[in-house]
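# Fold and geometry: a report
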Amino acid sequence: MMHEPERSIGNLLSNLPCKSKVVGALDWHREAGNVRAAGGQLLTLWGADDRDRDGSFRIFAAYLLDDGIEVLEHAMGNGITPTYPSLAELFPCALHMERAVYDLLGIASMEPDHRGWLRHGGWPRSEFPLRRDFDASRQFAIDSQPYPFVQVEGDGVHEIAVGPVHAGTIEPGHFRFSVVGEKVLRLEERLGYTHKGVSKRFEQMQQAEGHRLAARLSGDSAVAFSWAYCAALEAITHTGCPPRAANLRALALEHERLANHLGDLGALGNDAGFAFGLTQFSRMKEDLLRLNVAAFGARYLLDFVQPGGVATELPEDTPRLLLDHYLVLEERVSGLRVIYDNHAGLQDRFREAGTLSRESAVKLGAVGLAGRASGVPLDLRVHHPWPPYDRMKPKLVMQSTGDVAARVYQRFDEVFESLRLCRMILENSVAGPIQADCPLAEPDRLGLGLIESWRGPVIIALESGPGGTIRRCHAHDSSWQNWPLIEYAILSNIVPDFPLINKSFNLSYSGHDG
Amino acid sequence: MINTLSRMIRTGILTETFPAPASASPAMDRLQKDMRNILGRALCIRHVDAGSCNGCELEIHALNNPYYNIEGIGMKFVASPRHADLLLVTGPVTANMEEALKRTLDAMPDPKLVVAVGDCGACGGVFGKSYASRGAVANVIPVQRTVAGCPPSPVAILEAIRSAVIEA
Ligand code: SF4
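Heads up: these notes are all about the structure in this document. In this text, all values refer to a predicted model and were calculated from it rather than measured experimentally.

## Quick word on the layout of surface pockets
Its boundaries defined by the atoms lining it, the largest pocket holds a volume of some 1300 Å³. For the largest pocket, the lining is made up of 48 residues, of which Gly168(A), Thr169(A), Ile170(A), Lys503(A) and His61(B) are closest to its centre. If you list the elements that add at least two residues to the lining of the largest pocket, you get β9 (174-180), α7 (243-271), α8 (275-296) and α17 (498-505) of chain A together with β1 (43-49) and α3 (55-62) of chain B. Ranked by residue count, the leading element in the lining of the largest pocket is α7(A), at 8 residues. No fewer than three residues from each of domain 2 (157-190) and domain 3 (198-429 + 442-502) of chain A sit in the lining of the largest pocket. Estimated volume of the second largest pocket: approximately 600 Å³. In terms of lining, the second largest pocket is formed by 27 residues, of which the most central are Gly163(A), Pro164(A), Tyr193(A), Ala100(B) and Arg103(B). Breaking the lining of the second largest pocket down by element, the ones donating at least two residues are β9 of chain A together with α4 (95-107) of chain B. A total of 6 residues in the lining of the second largest pocket trace back to one element, the largest contributor, which is α4(B). Among the residues forming the lining of the second largest pocket, the class breakdown is 12 nonpolar, 10 polar and 5 charged. No fewer than three residues from each of domain 1 (1-148) and domain 2 (157-190) of chain A sit in the lining of the second largest pocket.

## With respect to the packing of aromatic side chains
The relation between two aromatic rings is expressed through the spacing of the ring centres and the mutual angle of the planes. Within this structure, the stated rule accounts for 24 aromatic pairs over all chains. Seen from their ring centres, Tyr147(A) and Phe149(A) are 4.9 Å apart, and the 70° between their planes marks the pair as edge-to-face. The exposure classification of Tyr147(A) matches that of Phe149(A), with both residues buried. Measuring from ring centre to ring centre gives 5.7 Å for Phe281(A) and Tyr340(A), while their planes differ by 75°; the resulting arrangement is edge-to-face. Of the two residues, Phe281(A) sits in helix α8 while Tyr340(A) sits in helix α9 (residues 318-342), which places them 59 residues apart along the sequence. Three or more aromatic residues joined by ring pairs make a cluster, and in this case those are Phe274(A), Phe276(A), Phe281(A), Tyr340(A), Phe350(A), Tyr409(A) and Phe412(A). Residue placement shows Lys196(A) over the ring face of Phe127(B); its charged tip is 5.2 Å from the ring centre. Arg407(A) extends its terminal NZ or CZ atom over the ring of Phe505(A), reaching a point 3.9 Å from the ring centre.

## Let's talk about the sheet that holds strand β2 (residues 75-77) of chain B
Strands in a sheet are paired, the pairing made by backbone hydrogen bonds, and the direction either parallel or antiparallel. Residues and elements named next belong to chain B. Sheet architecture is open: 5 strands sit in the order β2-β1-β3-β4-β5, paired in parallel fashion. What marks the edges here is a single partner per strand, and that holds for β2 and β5 (145-147). Looking at each pair of strands side by side, their axes are set apart by 25° on average, direction ignored. Bridge analysis of strand β4 (residues 113-117) against β5 gives 3 bridges, and the strand direction is parallel. Opposite Ala116, over in β5, you have Thr146 as the bridge partner. Relative to the sheet, α3 contacts β1, β2, β3 (86-90) and β4, its axis offset from that of β3 by approximately 140°.

## A look at the interface of chain A and chain B
The interface of chain A with chain B comprises 60 residues on the first partner and 52 residues on the second. Both sides together, the interface formed by chain A and chain B hides about 4400 Å², and carbon and sulfur atoms give 57% of it. On the chain A side of the interface with chain B, the three residues burying the most area are Gln139(A), Thr169(A) and Lys196(A), jointly 16% of the side's total. Across the salt bridge formed by Arg7(B) and Glu331(A), the nearest N and O atoms sit 3.7 Å from each other. Inspection of the chain A/chain B interface yields 29 residue pairs in polar contact (both at pLDDT 80 or more). Among the elements of the structure, α4 (198-202), α8 and α9 of chain A are those that each provide at least two residues to the side of chain A that touches chain B. With 10 residues, α8(A) is the single largest residue contributor to the side of chain A that touches chain B. By residue class, the composition of the side of chain A that touches chain B is 26 nonpolar, 19 polar and 15 charged.

Quick notes on the rules
- Residues numbered from 1 in each chain as written.
- Chains lettered and ligands numbered in written order.
- Predicted model: local features only at pLDDT ≥ 70, side-chain atom pairs only at ≥ 80, totals over all residues.
- Heavy atoms only, no water.
- 1 Å grid on protein atoms, 1.4 Å probe; cavity = no way out; pocket = protein on both sides within 12 Å on 5 of 7 lines; lining within 4 Å.
- Points joined across faces, edges and corners; volume = space filled by probe spheres on them.
- Helix = DSSP H or I, 4+ residues; strand = E, 2+ residues; numbered from the N terminus.
- Domains from an automatic or database assignment.
- Nonpolar A, V, L, I, M, F, W, Y, C, P; charged D, E, K, R; others polar.
- Phe/Tyr/Trp six-rings, centres within 6.5 Å; stacked < 30°, edge-to-face > 60°.
- Buried < 20%, exposed > 50% of the residue type's maximum accessible area, 1.4 Å probe, protein only.
- Lys NZ or Arg CZ within 6 Å of the ring centre and 35° of its normal.
- Pairing = 2+ DSSP bridges.
- Axes fitted to C-alpha atoms, helices over the stretch in contact; angles between N-to-C directions.
- Contact = heavy atoms within 4.5 Å.
- Buried area = accessible area lost by both parts, 1.4 Å probe.
- Salt bridge = Lys/Arg side-chain N within 4 Å of Asp/Glu carboxyl O.
- Polar contact = N/O pair within 3.5 Å; in protein donor to acceptor, adjacent residues only side chain to side chain.

Here is the structure:
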């Protein structure tokens, strides 16, 4: 069989060490096997319509290896339905991504599951929104069809359908449980309800404003996403983010981590019947948000990171204010950790609930916080640090049991480590400009931005068009990898534990649905 | 237990004279009174995320923290639209949520109010209208009030709830 020639993808640049390769269909699959064998992870998968350029559709996969990122690109001709070999048997998390690529672009993997994932009947089956000849402003009447969930049969098995609208203030999604009595035999998730057409929207924006949309992919990870976008844009425009701005970005990213972890620690206590935990932690979270107003000018930092730097410098008196507050916070969180430790009722709910073993976590490709709670040693800040983390040397924090308790303690430990990093930033503060000029990117450059958000790695793949336009922008949240984990973690648990188990992962619906 | 109790005592009551940072403003004092007088300490709220980025949800959650303590003035989030007087809607309405949003509103008993939260709910925000998004909540269901902001602060959300109720 002829080996297809290799060439490097033109101009791929990133904030992490990165290499790329163009491959044929055979090598698309073979290389994926090599990555798997080497213990690598699938980071994201995306497609592009390049028929205007060379008559092809393209599929890209980004992998994480010990020495950095590897991006594979495979081109397909413009057939009736262009196809490529599925990665799902090597990387189970690829299945949802492949279904999403089909819904948006009409290029299909050879996987037999062709149920719509993002397309719920909001646009016709024959239309593919990310194709260049698709008019984004078109609206279609809803034509929703029943979704064929996988049926479980057997004595006494029944189904419970939950969602998309849930009982609490949370995002929409559908969960279909097959249960016997209280015990869960199977859970199937259906997502895509919050699909807002973000990828297509990017293509109507200028490079200089795309960070605003990126931040709004998942509001709880706004700093991470806007930073990833800016990292991609700065890579392809050869813009050096000033050291002071990089420090402030890291400070904002750690504040985002702290705010989310504090909120979750309270909510997890509450879901286990300990309202005191919610009161205490939600108070600490509110204190931190108010400090954000003093330090960064807003409670949530949706517009803080911008191309070339950050929007504002810290006011003169705030570093002292922040450092003092970190001490108070540390003391309070330590105290609550002791209380959580010694509370028999809480421990009873947390321990051995929703267990994801290390073996399953590795097999399923778990990333981020949930991965580390199951003993998967992966944190981009630690393993592939970009400035300023390369100087700060964050410590890897990990648990081993993979249950709700592990995800609770992972958050406690990460709060302490985050506080250490925040302190380090403020105590070794460098002076200097907070903004560099970010020129327009040359057309047809591909940039990759990767940032470890509080939840896991977020990725932006940005391709420039002419005159400062965006040709294609793909945004990926770690929730793509981690949603399928819950389908495993819930098995043999009881239905009433689902809210607690789900919360312990706290995945993003919007970040996933795009 | 001793630990928990002593922390409770040390924490004390945090609830601020309504609502916290802007309590100096007379409008805010009025808000607290109005809530008591008009609602008689009973407003049941149902929230629906019709496609938000989840930023607005974070600020709605904050309403339950001890500083705002909305249950203390009789506002409560309920689990079913059938128990709700007021619907808070976040996000631009996605095509995939259009049906669920309409059905939630239908399930609420009359009289009912709708408040659209955030720039997205008010006008479609950064996402606008597209094949996947209907834009503003008012494009899909009748809305009495909108709250601008991305995300709006908890105080701004409370203020909008108050004016929706007063004008009703
Ligand atoms: S208004 Fe802002 S915070 Fe709220 S859903 Fe829209 S983008 Fe998110």
